[in-house]
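# Inside the fold
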Amino acid sequence: MGLSDAELDAVRAIERADGTDDDLEPFFAGAVQARPVREVRVEPFMIARHPLTVAQVRHWLPEYEDSFADSASSTARFEDDLDDLLATLPFRLPSEAEWEYAARAGTTTLTFRGDERPDEDQVLDDFADEERTAAAENAFGLVAMGSANEICADVWIPHFADAPVDARPRTGEGPHVVRGGAGDLYPWQGCNEWLLLLSATRDQIHDFTAVRPVAPVPPVRNAPR
């Protein structure tokens with residue numbers, strides 16, 4: 001878990017190939033926020049294929065409205081109504097370690113697609129087109145990891161020093177961690193928004209937060225004899 005030296009080298013290679021839109025020194029200076037790299041023990045869990053859509057949220061919050069969504073199949077974003085959703089949602093938020101594990105899907109590269117610069121076609125914000133949605137799946141069958149600002153259960157701490165070796169969320173007072181957000185800046189304005197698609201990119205919570213629910217794996221029942 002975390003932004004590795006190899007991944008930093010991959011970003012440098014993109015920079016040398018003139019694949020960046022602007023100066024990347026702020027990114028490299030902020031890389032400490034996703035370090036040190038460490039191994040984390042993640043227990044089995046179930047996570048939603050994509051962030052909750054407007055239609056799905058209305059199952060729990062019938063009065064929910066999203067003026068920024070193009071359709072009911074678009075990703076739902078939350079501001080003041082986030083607490084209302086979390087109070088009624090029968091699932092939990094992913095820990096930051098669970099989110100990154102899900103995003104990486106067994107890879108150690110910048111994204112699950114490799115170390116190349118991600119393109120805008122990797123952003124997915126609407127799930128009505130099943131063919132396109134299926135084509136965007138990673139090895140775990142998950143889509144849109146990195147597209148929306150997805151809130152995690154962890155409180156924001158600007159590094160991984162002394163973080164637990166398992167996937168428990170870090171708790172305390174203050175803002176939560178969000179992962180992703182490249183789709184919230186779509187269409188891209190040429191400000192290196194692609195960096196938000198990286199599996200290790202992390203930030204503090206801000207407006208228009210999306211939710212990707214998590215649930216425990218049901219216990220295996222003994223077959224009748």
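Description of the structure in this document. Here the structure is a predicted model, which means the values were calculated and not measured.

Along the backbone of the protein there are six helices and five strands. In the protein, the succession of α and β elements from N to C terminus is α-α-β-α-α-α-α-β-β-β-β. Computed over C-alpha atoms, the radius of gyration of the protein comes to 18 Å, within 12% of the 17 Å expected from 2.2 N^0.38 for 225 residues, which places it in the range of a compact globule. For the C-alpha atoms alone, the extent of the protein along its principal axes is close to 60 × 40 × 40 Å. Across the 225 residues that make up the protein, the buried fraction comes to 46%. Just so you have it, the protein exposes about 11,800 Å², and 51% of that area is on carbon and sulfur atoms. Separation of charge centres in the protein, based on 20 positive and 43 negative side chains, amounts to 9 Å.

This part is about unusual backbone geometry. Residue Arg35 is joined to Pro36 through a cis peptide bond whose omega torsion reads 5°. As for its placement among the helices and strands, Pro36 is situated in the loop between helix 2 (25-29) and strand 1 (45-47). With an omega of 0°, the peptide bond running from Tyr186 to Pro187 counts as cis. Turning to its location among the elements, Pro187 is positioned in the loop between strand 3 (176-179) and strand 4 (202-204). For Ala105, which is not glycine, the phi dihedral falls at a positive 50°. Counting through the fold element by element, Ala105 comes out in the loop between helix 5 (96-104) and helix 6 (130-135). The backbone of Asp162 shows a phi angle near 65°, a positive value even though the residue is not glycine. One can find Asp162 in the loop between strand 2 (150-155) and strand 3. On the accessibility criterion, Asp162 (82% relative accessible area) is exposed.

Negative charge collects at one region of the surface, where Glu79, Asp80, Asp83, Asp84 and Asp207 lie side by side. Looking at the secondary structure, you find Asp83 in helix 4 (residues 82-88).

Conventions and cut-offs
Residues numbered from 1 in each chain as written. Predicted model: local features only at pLDDT ≥ 70, side-chain atom pairs only at ≥ 80, totals over all residues. Heavy atoms only, no water. Helix = DSSP H or I, 4+ residues; strand = E, 2+ residues; numbered from the N terminus. Rg over C-alpha atoms; globule rule 2.2 N^0.38 Å. Buried < 20%, exposed > 50% of the residue type's maximum accessible area, 1.4 Å probe, protein only. Areas by Shrake-Rupley, 256 points an atom, 1.4 Å probe, with all protein chains shown as cover. Lys, Arg positive; Asp, Glu negative; His and termini not counted. Charge placed at Lys NZ, Arg CZ, Asp CG, Glu CD. Patch = residues over 30% accessible without salt bridge, like charges linked within 9 Å, V, L, I, M, F, W, Y side chains within 5 Å. Salt bridge = Lys/Arg side-chain N within 4 Å of Asp/Glu carboxyl O.

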